[in-house]
Amino acid sequence: MKNLFRILLLSLAASSAMFVSCDESDHNVKISTEQFPVGTVSWASDVTAEQKAVISELINSLVCVEETEFYMGAQAKTYTRPNFHSAYSSKDTVWDSNIAVLEDTLSKKLGKFPYCLVYYNNGIPVGPVVKIKMPSYYIGKFEVTQGQWDAVMDRRPTGTYCKVEELDGTAAWYKETGLGDNVAAYNISYDDAVEFCETLSMKTGLNFRLPTEAEWECAARGGKATRGYSYSGSDSYSEVAWNYYNACKGLGSENYGVHAGGELKPNELGIYDMSGNVSEWVANSYYWYDYHDDVNPKGKMGGDTLILRGGSWVQKKSNEFYPANRRKFIQSSYSDESFLDAIAYCGFRIVLSK
């Protein structure tokens, strides 16, 4: 009887071993995990050593934005008075370098409902102002680069536009307007950015995505470390943003075009170029927030009416580089050709929930 029982156990063990072997063979399962500060990466079996090196650098550059609250849509040191009109008129604004005073002042003026109507500057909607609670998350220290795009994607971005008219306009990036593994990727559509995040997630087992509009603005303001700068890291946008005056005047000059991250000053969290280099896609579509949207509001993801945050190297007006500035992008309003022109100065950075 004991021998019969032993034979049955051996038979079951052999069957189990055969099943595991068959499963691994059929599905080509190869487990390769690696621990990073942001979590455990489960590398897909088709990721090469070269890809791992580039993606690892991207993951290790993520910056933690700690749990906090902030007034989304408020213009840096500028806070709207009770009439909720333009935050750009001196008689309608409160200026103070002391963050505690600003918080107290705005809280009193907004009263029971921490919400203001949308306000405009030169026709650009900059609000509304809403008090937002933000859980912790990770965001890219730099905009996604051309080298990172190539390491993750097996295709080039949608756009091919080049500001230099003499070029044929068939490549993704150009030496004349910014070319290099460490240079921010441009000519990026919203769908390109979403697909990059999805592909990166499949290669790593982590859930990468575009930032919500609230996550983007909170990080641009410096999170809990904010000093209330007018721009992301400074009161002078040319210190922290590539713009028309320091990157677009003088074709062929050393500073012309899109740049690599880290060449200008970072903000309070050590994040670069949120005020300007390439304009950046955020995840949610354009809508007006109200005081019920008080915890990292997400709204609808994608759609036809999208949002770009941050200025780009071809823009001139100072308000285009404010952390609260939001640019509406209606995809259906463009022809095929004009769409490619419109995304020529667009890029993105990635986010990972904590």
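Quick note: structure is the one above.
Right, let's walk through the structure included here. (Residues numbered from 1 in each chain as written. Predicted model: local features only at pLDDT ≥ 70, side-chain atom pairs only at ≥ 80, totals over all residues. Heavy atoms only, no water.)

**Let's talk about the side chain of Ser61**
We apply this condition: Only DSSP runs of H or I reaching four residues or more are called helices, and only runs of E reaching two or more are called strands; each is numbered from the N terminus. Partly exposed residues are those whose accessible area sits between 20% and 50% of the maximum for their type, while under 20% is buried and over 50% is exposed, using a 1.4 Å probe and protein chains only. Residue contacts are counted whenever heavy atoms from the two residues lie within 4.5 Å of one another.
You can see Ser61 is positioned in the loop between α2 (49-60) and β3 (62-65). Accessibility expressed as a relative area gives 16% for Ser61, which makes it buried. Setting aside residues no more than four positions away along its own chain, Ser61 makes contact with Ile139, Gly140 and Lys141.

**Some details on the layout of surface pockets**
Worth spelling out the cut-off: In the cavity and pocket records, a cavity denotes points on a 1 Å grid over the protein atoms alone where a 1.4 Å probe fits but cannot get out, a pocket denotes an open set with protein on both sides within 12 Å along at least 5 of 7 lines, and lining residues are residues with an atom within 4 Å of a point. Grid points are joined across faces, edges and corners, and a volume is the space filled by probe spheres set on the points. Only Asp, Glu, Lys and Arg are considered charged, only Ala, Val, Leu, Ile, Met, Phe, Trp, Tyr, Cys and Pro nonpolar, and every remaining residue, Gly among them, polar.
Considered as a void within the structure, the second largest pocket measures approximately 230 Å³ in volume. Taken together, Val54, Glu57, Ser61, Phe142, Thr145, Gly147, Gln148, Asp181, Asn182, Ala260 and Gly261 make up the full set of residues lining the second largest pocket. At the level of elements, α2 and α4 (146-152) are the ones that each hand at least two residues to the lining of the second largest pocket. Among the residues forming the lining of the second largest pocket, the class breakdown is three nonpolar, six polar and two charged.

**What about the side chain of His259?**
Selection rule: Here a polar contact is recorded for every N or O atom pair within 3.5 Å, except that within protein the pair must consist of a potential hydrogen donor and a potential acceptor, and residues adjacent in sequence are included only if both atoms are side-chain atoms.
Within the element layout of this structure, His259 appears in the loop between α8 (244-248) and β12 (276-277). You can call His259 buried: its relative accessible area is 6%. Side-chain polar atoms of His259 contact the backbone oxygen of Gly257, separated by 3.4 Å.

**Overview of the pattern of salt bridges**
What counts is decided by this rule: The salt bridge definition used is simple: a Lys or Arg side-chain nitrogen within 4 Å of an Asp or Glu carboxyl oxygen.
Applying the stated criterion across every chain yields a total of eleven salt bridges. The salt bridge involving Glu66 is made with Lys224; its shortest N-O contact spans 3.8 Å. Taken together, the positions of Glu66 in the loop between β3 and β4 (68-72) and Lys224 in the loop between α6 (213-221) and α7 (237-240) put the pair 158 residues apart, joining distant regions of the chain. Glu66 sits in the partly exposed class, given a relative accessible area of 46%.

**Observations concerning unusual backbone geometry**
Backbone geometry places Asp273, a non-glycine residue, at a positive phi of 65 degrees. Mapped onto the secondary structure, Asp273 falls in the loop between α8 and β12. The class for Asp273 is buried, based on a relative accessible area of 3%. Positive phi outside glycine occurs at Asn296, with the angle close to 35 degrees. Of note, Asn296 is situated in the loop between β13 (279-281) and β14 (305-309).

**Topic: the sheet that holds strand β11 (residues 208-209)**
Note the following rule: When DSSP finds at least two bridges between two strands, those strands are taken to pair. Angles here are taken between N-to-C directions and fall from 0 to 180 degrees, while the axes themselves are lines fitted to C-alpha atoms, restricted in helices to the stretch in contact.
On the basis of which strands lie adjacent, the open sheet formed by four strands has the order β3-β10-β18-β11 and antiparallel pairing. Looking at strand neighbours, the two that pair on one side only are β3 and β11, the edges of this open sheet. Across the sheet, α6 lies against β3, β10 (137-140), β11 and β18 (351-353), angled at about 75 degrees from β10, the strand it touches most.

**Notes on helix α5 (residues 190-204)**
Spacing of three or four residues puts side chains on the same side of an α-helix, whose turn is 3.6 residues. Using the following cut-off: Take the number of residues in a helix, subtract one, and multiply by 1.5 Å to get its expected span.
An ideal rise of 1.5 Å per residue puts 21 Å on 15 residues; α5 measures up with 21 Å between its terminal C-alpha atoms. Among the residues of α5, those classed as buried are Tyr190, Asp192, Ala193, Phe196, Cys197, Thr199, Leu200, Ser201, Lys203 and Thr204. Where the residues of α5 are buried, they touch β2 (39-42), α2, α4, β11, β13 and β14. Looking one or two residues past α5, Gly205 carries a phi angle of roughly 80 degrees, positive in sign.

**Brief notes about the packing of α2 against α5**
So the rule is basically this: Angles below 35 degrees are treated as roughly parallel, those above 145 as roughly antiparallel, those between 65 and 115 as roughly perpendicular, and all remaining angles as oblique. Handedness of a helix crossing follows the sense of rotation of the near helix relative to the far helix, less than a right angle counterclockwise being left-handed and clockwise being right-handed.
In contact at an axis separation of 12 Å, α2 and α5 are set at 110 degrees when each is read in the N-to-C sense. Taken together, the axes of α2 and α5 lie roughly perpendicular to each other. For the crossing formed where α2 meets α5, the hand is left-handed. Here α2 contributes Gln51, Ile55, Leu58 and Ile59 to the contact with α5, which in turn contributes Phe196, Leu200, Lys203 and Thr204.

**Here we look at the nonpolar core**
We count it as follows: By nonpolar core is meant a set of buried Ala, Val, Leu, Ile, Met, Phe, Trp, Tyr and Cys residues that side-chain atoms within 4.5 Å join together.
Judged by nonpolar contacts, the single largest core of 53 residues is most densely connected at Phe196, Trp281, Trp313, Phe348 and Ile350. Those elements that provide at least two residues to this core are α2, α4, α5, α8, β14 and α9 (336-342). Met72, Met134, Tyr137 and Val351 belong to the second-largest nonpolar core, a separate cluster that totals 21 residues.

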